[in-house]
Amino acid sequence: MVDKLGDWARTHTCGQLRAEDAGREVLLLGWVHKVRDLGHLVFLDLRDRHGLTQVVFEAEGLRDRAKHLRAEFVLGVRGRVRPRAAEAMNAKMPTGAVEVEATELKLLSEAKVPPFVIADDVAASDELRLRYRYLDLRRPALQANLGLRHRVTMAVRKYFDGQGFWEIETPMLTKSTPEGARDYLVPSRVHPGEFYALPQSPQIFKQILMIAGTDRYFQIVKCFRDEDLRADRQPEFTQIDVEMSFATRELVFATIEPLIKEVFAVIGRDITLPFARMSYAEALARYGSDKPDLRVGMVITDVSGVFTDSTFSVFRDAVAGGGVVRGIVVPGGAAASRKELDTLAEEAKSLGAGGLVWVRRSGEAIQSSALKAAGEGTMRAALDAAGAGAADLLLLASGPADATSKVLGQIRLSVAKSRGWLKTDEFAFTWVTDFPLLEWDGDERRWVAMHHPFTSPVEADMDRLEENPGGVLAQAYDLVLNGSEIGGGSIRIHDTALQRRMFTLLGISDEDAKLRFGFFLESLEYGTPPHGGIALGLDRIVAILAGEPSIRDVIAFPKTAQAVDLMSTAPTPVDARQLRELRLRIEG
């Protein structure tokens, strides 16, 4: 029989009691985690988000009733705190020195047998856990992640408030301005045939806030993108959105770096400032990625000069044709097996490389997959040029510069993962700067913005926009942590004429620009301060802080890789009457 809560109010949480509470009368409320029936005694672990407390039922009536309790029943227990016997203490639990001797019990809610055990070592599939997300969220690990997320957002708000920022909400129903990822569209009932869009970013609105004179803005905001999903992507995600009037890149960096320090202090880590910096070109050349993971070395080295006159025609011809020969040195890799080396070579081919050449020393001799074609002297020179030691392995690839570095960048990460060098408790930050403003989209046969159309070119390149669009650099910057982009921003265009030039380069006609961005272009004409900002990925940051490989484990109600909510079964068909009201018809 289920009891009423009545006037019962808990005195302590299930993770609060300690040895000094012995003798205290307490009232606990929570879920049954585990029941152990010893016949003359019944032990029960009572759980809430704060932890576990052991409860013991000794009195005959209470003991008999406790025998019928099961996992996930909701209880109220009144009793007295007492020390555990020395041999029964549990040093792994904060409450492990005490237990509560029950004097009263209320059964507040019964529960069906859960489809999986509510424990951190759950063996259930991801699909089953997402179907019963309300049960999965009871697991201590996920509750800890949600608590961490809360503390991070509170630290963010406290920091920005201290820096003179205002948190301002921007619209969720806004105008569709497709450029990049696809919008989620919302049909309007009162304006048949017309649609709102859910924001991919508050970009235009936060720039308008600078025009409005708000000076410093931030927002912890939900954004939406209808795109293919990965472990670090969701159709709806949360970002820490920031904009400042009269901003320079240095001001943005000087504002964000202390914020990150405050955020990492939440988990007790002291982050060293300032962060490293490197250009986009350097990141590609040395790490094969614009999101370089700096937790390990293995910097990509150019050894093209060694093969200019080599007998190894593959490398010699690549250099003669304007390409490069580049390599990475794997510390201690000389002991790698042939199976490991063959696996890396196959991976390089799957990434588009013609192959992967390995070189190592064996005493005074040289071993290499291309030794016969290149000769021992050339391969020894390559080892020396790359700085490889006696116990190291050199991996080489050739081809166009960027493509070669990208292949080696992926091989670099594969080697680091296989050897356990990417520690989740190590944090290596870098700013990546000087991105190209535009990149050529071969499918659409036009230039597209590498970041977004409101990013300003660097001052020195303003006059080259039309004559050499691909050579123009942007006042854009990304913040990268452990190979993941956790933030991206730029100094914005604040001049109407320059913004129109940018739209023209992107193939957006004056008519189309007016239709899509007319209100924004007009706002620029009313006294726009220079401004800039950044958006930080809250989900990615919290996942890294929690040591989780996927952002799904730090979001309360995430979607699957197919953008489905397995718990609520969204998306679903809607009633025909609703479609008629919206003047919509489903075809196909």
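So, here is what we can say about the structure in this document.

Regarding the overall build of the protein
In terms of regular secondary structure, the protein is built from 16 helices and 22 strands. With respect to the three principal axes, the spread of C-alpha positions in the protein is 90 × 75 × 55 Å. Per-residue burial for the protein yields a buried fraction of 47% across its 588 residues. For the protein, restricting intrachain contacts to residue pairs at least 6 apart in sequence, the fraction spanning at least 24 positions comes to 68%. A total of about 28500 Å² of accessible surface is found on the protein, and carbon and sulfur atoms cover 52% of it. Treating the 73 positive side-chain charges of the protein as one cloud and the 82 negative ones as another, the clouds have centres 4 Å apart.

Topic: the environment of I508
Within the element layout of this structure, I508 appears in the loop between helix 13 (496-505) and helix 14 (510-523). I508 sits in the buried class, given a relative accessible area of 5%. Placed 78 residues apart in sequence, I508 and T430 show a C-alpha to C-alpha distance of 34 Å.

Re helix 5 (residues 203-211)
With seven of its nine residues buried, helix 5 lies for the most part within the structure. Within the span of helix 5, buried status applies to Q203, I204, K206, Q207, L209, M210 and I211. G213 sits one or two residues past helix 5 and shows a positive phi near 85 degrees.

A look at the packing of aromatic side chains
How two aromatic rings sit relative to each other is set out by the distance from centre to centre and by the angle between their planes. A complete count under the given rule lists 18 aromatic pairs for this structure. When the ring of F253 is compared with that of Y477, the centres are 5.4 Å apart and the planes differ by 85 degrees; the resulting orientation is edge-to-face. Here F253 is found in helix 6 (residues 249-265), whereas its partner Y477 is found in strand 20 (residues 476-481), with 224 residues between them in sequence. By the burial criterion, F253 is buried, and Y477 matches it. Aromatic side chains F503 and F517 sit 4.8 Å apart centroid to centroid with 15 degrees between the ring planes, which places their arrangement in the stacked category.

Comments concerning unusual backbone geometry
With an omega dihedral of -5 degrees, the bond running from L273 to P274 counts as a cis peptide bond. For P274, the position within the fold is in the loop between helix 6 and strand 11 (276-279). Phi angles above zero are rare outside glycine, and D434 is one such case at about 55 degrees. By the element assignment, D434 lies in the loop between strand 17 (429-433) and strand 18 (438-441). A positive phi angle, close to 60 degrees, is found at A563, a residue other than glycine. By the element assignment, A563 lies in the loop between helix 15 (538-546) and helix 16 (576-581).

A short note on the pairing of strand 17
Among the five residues that make up strand 17, five are buried, leaving the element largely enclosed by the rest of the structure. In strand 17, alternate side chains face the same way, and those of F429, W431 and T433 on one face and T430 and V432 on the other are all buried. In the sheet, strand 11 pairs with strand 17 via four bridges, with the strands oriented parallel. Each bridged residue has a counterpart across the sheet, and for S279 the counterpart in strand 17 is T433. Examined bridge by bridge, strand 17 and strand 20 share five bridges and lie antiparallel to one another. Paired with T430 across the strands is V480, a residue of strand 20.

Considerations on the sheet that holds strand 6 (residues 166-167)
Think of a sheet as strands paired side by side through backbone hydrogen bonds, with each pair either parallel or antiparallel. If you walk across this open sheet you meet the eight strands as 6-9-10-22-21-20-17-11, and the pairing is mixed. The open sheet is flanked by strand 6 and strand 11, the only strands paired with a single partner. Sheet topology places strand 21 (residues 484-491) next to strand 22 (residues 531-537); five bridges connect them, and they run antiparallel. Within the sheet, the bridge partner assigned to S490 lies in strand 22 and is G533. Sheet strands touched by helix 5: strand 9 (216-224), strand 10 (236-245) and strand 22. Its angle to strand 10, the strand with the most contacts, is close to 25 degrees. Against the sheet, helix 15 engages strand 9, strand 10, strand 20, strand 21 and strand 22, with an angle of about 45 degrees to strand 22.

A few points about the pairing of strand 19 (residues 446-449)
The pairing of strand 18 with strand 19 spans four bridges and is antiparallel. Note on strand 19: the bridge partner recorded for E439 is V448. Adjacent in sequence and paired antiparallel, strand 18 and strand 19 are bridged by four residues, among which R445 carries a positive phi angle near 55 degrees.

Observations regarding the packing of helix 4 (residues 140-162) against helix 6
Taken N-terminus to C-terminus, the directions of helix 4 and helix 6 make an angle of 140 degrees; their axes are 9 Å apart at the nearest point. In terms of crossing hand, the pair formed by helix 4 and helix 6 is right-handed. Contacts from V152, V156, Y159 and F160 in helix 4 reach A254, T255, I256, P258, L259, E262 and V263 in helix 6. Class assignment for the residues of the contact of helix 4 with helix 6 results in nine nonpolar, one polar and one charged.

Notes on the sheet that holds strand 15 (residues 365-368)
Reading across from one edge, 12-13-16-14-15 is the order of the five strands in this open sheet, with antiparallel pairing throughout. The open sheet has two edge strands, strand 12 (301-302) and strand 15, and neither has a second partner. Across seven bridges, strand 13 (residues 324-330) lies against strand 16 (residues 393-399) in antiparallel orientation. Of the residues in strand 16, the one forming a bridge with R326 is A397.

Quick look at the nonpolar core
Ranked by internal contacts, the top residues of the largest apolar core, which has 40 residues, are V156, F160, I256, F264, F429, L479 and L536. The biggest single contributor to this core is helix 6, with seven residues. Discounting residues that sit within four places of it in the chain, F264 has contacts with R269, I271, F427, F429, L481 and L545. If you look at the next biggest cluster of nonpolar residues, it comprises 31 residues, including A474, A476, V480 and L505.

Criteria and cut-off values
- Residues numbered from 1 in each chain as written.
- Predicted model: local features only at pLDDT ≥ 70, side-chain atom pairs only at ≥ 80, totals over all residues.
- Heavy atoms only, no water.
- Helix = DSSP H or I, 4+ residues; strand = E, 2+ residues; numbered from the N terminus.
- Buried < 20%, exposed > 50% of the residue type's maximum accessible area, 1.4 Å probe, protein only.
- Contact = heavy atoms within 4.5 Å.
- Areas by Shrake-Rupley, 256 points an atom, 1.4 Å probe, with all protein chains shown as cover.
- Lys, Arg positive; Asp, Glu negative; His and termini not counted.
- Charge placed at Lys NZ, Arg CZ, Asp CG, Glu CD.
- Phe/Tyr/Trp six-rings, centres within 6.5 Å; stacked < 30°, edge-to-face > 60°.
- Pairing = 2+ DSSP bridges.
- Axes fitted to C-alpha atoms, helices over the stretch in contact; angles between N-to-C directions.
- Left-handed = near helix turned anticlockwise from the far one by under 90°.
- Nonpolar A, V, L, I, M, F, W, Y, C, P; charged D, E, K, R; others polar.
- Core = buried A, V, L, I, M, F, W, Y, C linked by side-chain atoms within 4.5 Å.

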